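For reference, the chains in residue letters:
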Amino acid sequence: MTFFALATAKQALSKQHHALRRLPVLPSIALASTPPRSFSSAPSHVHNQTLPPPPQEGIEFNALPWNLNLPQHHYYVHLTTTPMEGWTRNHYDPTTDGGILTSPSRKNEHSSSPLHSLHHYSSSPLPLYPANTSINYGTTIWEGLACRRSPTSGRALVFRPQKNFQRFVNGARRMCLPEPSYELFMRGLQLVLRNNMHLLPPAPAVRTSLGGDGEETIEEIEGGSKLYVRPMLMGSGQQLGLHPSPQMSLLYFVSPTGSYFKGKAVGGLKLHLERKRSRAARGGMGSVKCAGNYASTMRPLLDAKQKGFDDNLYLELDTYHNPSPSSSSSPLHRAILQELSAANIFLVLKTGEIVTPSLDRGTILPGVTRDSILVLAKEFKDELKPLVLQSIRADGTDAGDDLQITVSERDVRVEDLLNATEVFITGTAAEVVPIYSIATSDSDEDEESFSVAFPQQKELPGGPVTTKLLGMLREVMAERRQCEATRDWLCDVFASPEDFRRGGVS
């Protein structure tokens, strides 16, 4: 381990210790596949009547780092199958809400869990063998979702799990793993969350003001902490040959966390424009949320941090090394942007365009937050227009009131950064974070250099457009903003399984 990596690990442990320093020993936790009666006497099919318990006392949730926190208090879900069997109704039958997933523990099992599929994180670790297929051949996909306590209703709400399922299934196909049904995926998610509700952080604070007409206006919704949940699908069998695993595991685990960049940056991020190493290539796995995609960014990320950057911005390297011969721009300026190590990127251009790299090349991840920002920007374009104009004018460019605002997905080139007034990134863990500067490293003297700064993004939460889009996103998560396009984005953990799958709250 490098000195930098060791120092980073020590810092994370120090932050976790600070958050837990007054943590008492937890009492035994009542776990159930359906809402505990102590929460509400309403039947499970009555929507919105069952609320989560209050946050566990003694935990400073807002001080928790982006890390695996409190594993000694987690429960995880684990199911297994084979390539021949796949996922069947023996694992979960949505018509009866039965199957291995929801079946009670047998009396002779030495477990505090009431469910056969539910295990204590610390006392019931996964069995792991040297010939494990995922360890040897990297056959692991996963998703990242956030569950938040609503400041409006108090409900435990998951944000857009339907989109995660779509990406999960695509990854399963690419990795030769059996695809779970939508019903199984969602019920597993619901169960792991219900049985870890003691770790759901408090609701975020909402700051409002009254206008002259007496209407309440939302000034700010804090990001707050979240209960992060990670579904995984992996080859868990043993073999030496390069074949699909003889056994597969479907897993769900959780962790209460803070923001991904919390404590890492006091203002807008400083990005390194990576010109030598690739995150993904066309025809590869760049659009699949698999373990290997993140492994390839780890060494470049540590190198960038040692040079004073927060993260790398990756290029389609073939468009840099093999530029169009007809282009008058430099090879670097014509190179196409991809994304960061674990986040998508957006630009607000002086032309009135809000743009993000297209998915058509198959080299970037179809982020759920990315899609959400695209939808919100299109649906509330008129609300964004004065802020886009403000951003352009603050950058010293004259913009008329007749400027047309467009929201686009296309190939975005390095030279587009020179025409941007704001740049920001999106992700489940990051939400929306401003970018202050993007530059190459001075140490790479044999490569073409580049540098650009966005003064409006220097301080958090960023320029007017970045700040507004972050606010819109949080308003949706807090049940304070809705339109037809967002009606099923929030799923209530304590709704019936059918309503949870359907999504939407009222």
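Positions within a chain are numbered from 1, following the residues in the order the chain's sequence is written. Totals for whole chains, interfaces and linings use all residues, but because this is a predicted model, local features are given only for residues with pLDDT of at least 70 and pairs of side-chain atoms are given and counted only at 80 or more. No hydrogens and no water enter the side-chain calculation; it runs on all heavy atoms of the structure.

**Observations concerning the overall build of the protein**
Then step 1. A run of H or I in DSSP counts as a helix once it spans at least four residues, and a run of E counts as a strand once it spans at least two, with each numbered from the N terminus. Secondary structure summary: the protein contains eleven helices and 18 strands in total.
Then step 2. The classification of residues rests on relative accessible area computed with a 1.4 Å probe and restricted to protein chains. Under 20% of the type maximum is buried, over 50% is exposed, and intermediate values are partly exposed. Looking at the protein as a whole, 54% of its 506 residues are labelled buried.
Then step 3. The criterion used for residue contact is that any of the two residues' heavy atoms lie within 4.5 Å. Across the protein, every contact between residues at least 6 apart in sequence was considered, and the portion connecting residues at least 24 apart equals 75%.
Then step 4. Areas reported as accessible are Shrake-Rupley estimates using a 1.4 Å probe. Residue values count occlusion only from the protein chains shown. Counting every atom, the protein has about 22000 Å² of accessible surface; 52% of that belongs to carbon and sulfur.

**Some remarks on the pattern of salt bridges**
Then step 1. Here a salt bridge means any side-chain nitrogen of Lys or Arg lying within 4 Å of a carboxyl oxygen belonging to Asp or Glu. Tallied over the full model, the rule gives 25 salt bridges.
Then step 2. Across the pair Asp-97 and Arg-187 runs a salt bridge whose closest N-O atoms are separated by 2.8 Å. Of this pair, Asp-97 sits in the loop between β1 (75–81) and β2 (118–120) while Arg-187 sits in helix α4 (residues 182–194), and the two are 90 residues apart along the sequence.
Then step 3. For Arg-187, a relative accessible area of 2% corresponds to the buried category.
Then step 4. The partner of Arg-299 in a salt bridge is Asp-303, and the shortest N-O contact between them spans 3.1 Å. Pair noted here: Arg-299 and Asp-303 are both in helix α5 (residues 291–306), with a separation of four residues, about one helical turn.
Then step 5. What emerges from the salt-bridge pattern is a single network uniting Glu-274, Arg-277, Arg-299 and Asp-303.

**Overview of the confidence of the model for the protein**
Then step 1. A residue's pLDDT is simply how confident the predictor is in it, with values from 0 to 100. Predicted confidence across the protein gives a mean pLDDT of 88, with 87% of residues reaching 70 or more.
Then step 2. The low-confidence segment residues 1–48 (pLDDT under 50) makes 81 contacts with residues lying over four places distant or belonging to another chain.

**Considerations on the environment of Arg-410**
Then step 1. In this structure, Arg-410 sits in strand β14 (residues 406–410).
Then step 2. Leaving out residues up to four positions away in the same chain, Arg-410 has contacts with Leu-349, Glu-353, Val-355, Thr-356, Pro-357, Ser-358 and Asp-416.
Then step 3. Distance and chemistry together define a polar contact, namely a pair of N or O atoms within 3.5 Å, with one atom able to donate a hydrogen and the other to accept it when in protein, and with adjacent residues in sequence counting only for side-chain atoms on both sides. Within polar-contact distance, the side chain of Arg-410 engages the side chain of Asp-416 at 3.3 Å.

**Observations regarding the packing of aromatic side chains**
Then step 1. What counts as a ring pair is set by centres within 6.5 Å for rings of Phe, Tyr and Trp (its six-membered ring), and what kind of pair is set by the plane angle: stacked under 30 degrees, edge-to-face over 60, tilted for all other angles. For the structure on display, the rule yields ten aromatic pairs.
Then step 2. Summarising the aromatic geometry, the rings of Phe-165 and Phe-185 are spaced 5.5 Å apart at their centres and angled 55 degrees between planes, so their arrangement reads as tilted. Within this pair, whereas Phe-165 is found in helix α3 (residues 161–174), its partner Phe-185 is found in helix α4, the two being separated by 20 residues in sequence. Comparing Phe-165 with Phe-185 shows no difference in burial state: the two are buried.
Then step 3. Here the aromatic rings of Phe-185 and Tyr-252 are separated by 6.3 Å at their centres, their planes lie at 55 degrees, and the arrangement is tilted. A residue pair is termed long-range when its members are at least 10 positions apart, and Phe-185 in helix α4 and Tyr-252 in strand β9 (residues 248–257) qualify at 67 residues. Here Phe-185 matches Tyr-252 in class, with each residue buried.
Then step 4. Through pairs of rings, three or more aromatic residues link up here, namely Phe-165, Phe-168, Tyr-182, Phe-185 and Tyr-252.
Then step 5. Charge over a ring is defined by NZ of Lys or CZ of Arg lying within 6 Å of the ring centre and within 35 degrees of the ring normal. Between Arg-230 and the ring centre of Trp-142, over which it is positioned, the NZ or CZ distance is 3.6 Å.

**Describing the nonpolar core**
Then step 1. As used in this record, nonpolar core signifies buried Ala, Val, Leu, Ile, Met, Phe, Trp, Tyr and Cys residues forming a set joined through side-chain atoms within 4.5 Å. Among the nonpolar cores identified, the biggest contains 46 residues, and Ile-141, Cys-147, Leu-189 and Leu-193 are the most heavily contacted of them.
Then step 2. Breaking this core down by element, the ones donating at least two residues are β1, β4 (145–149), β5 (156–159), α3, α4, β8 (226–235) and β9.
Then step 3. Considering each element in turn, this core owes the most residues, seven residues, to α4.
Then step 4. Each residue touching Leu-189, except ones within four places of it in the same chain, is listed here: Leu-145, Val-158, Pro-161, Val-229, Tyr-252 and Phe-500.
Then step 5. Of all hydrophobic cores here, the second largest spans 33 residues; its members include Leu-387, Leu-403, Leu-469 and Val-476.

**Digging into the pairing of β9**
Then step 1. Burial runs high along β9: ten of the ten residues are buried.
Then step 2. The two faces of β9 match: Met-248, Leu-250, Tyr-252, Val-254 and Pro-256 on one face and Ser-249, Leu-251, Phe-253, Ser-255 and Thr-257 on the other face are all buried.
Then step 3. Pairs of strands are assigned from DSSP output, requiring at least two bridges between the strands. Note: β1 against β9, five bridges, orientation antiparallel. The residue bridging His-78 from the neighbouring strand is Leu-251, located in β9.
Then step 4. Note that β8 and β9 share ten bridges and pair antiparallel.

**Here we look at α4**
Then step 1. Helix length check: α4 (13 residues) gives 18 Å between terminal C-alpha atoms against 18 Å at 1.5 Å per residue, within 8%.
Then step 2. With eleven of 13 residues buried, α4 is to be regarded as a mostly interior element.
Then step 3. Turning to α4, its buried residues are Leu-184, Phe-185, Met-186, Arg-187, Gly-188, Leu-189, Gln-190, Leu-191, Val-192, Leu-193 and Arg-194. Helix span is expected to be 1.5 Å times the residue number reduced by one.

**Considering the environment of Val-412**
Then step 1. Relative to the helices and strands, Val-412 is located in the loop between β14 and β15 (420–427).
Then step 2. Exposure remark for Val-412: the relative accessible area of 0% places this residue in the buried category.
Then step 3. If we ignore the near neighbours within four places in the chain, the residues touching Val-412 are Ala-335, Ile-336, Leu-337, Leu-347, Val-355, Thr-356 and Pro-357.

**Things to note about unusual backbone geometry**
Then step 1. Here Leu-460 and Pro-461 are connected by a cis peptide whose omega angle stands at 10 degrees.
Then step 2. Its place among the elements puts Pro-461 in the loop between β17 (451–453) and α10 (464–477).
Then step 3. Unlike most non-glycine residues, Leu-70 shows phi in positive territory, near 55 degrees.
Then step 4. Mapping Leu-70 onto the fold places it in the loop between α1 (3–20) and β1.
Then step 5. A positive phi angle, near 55 degrees, is found at Asp-97, a position not held by glycine.

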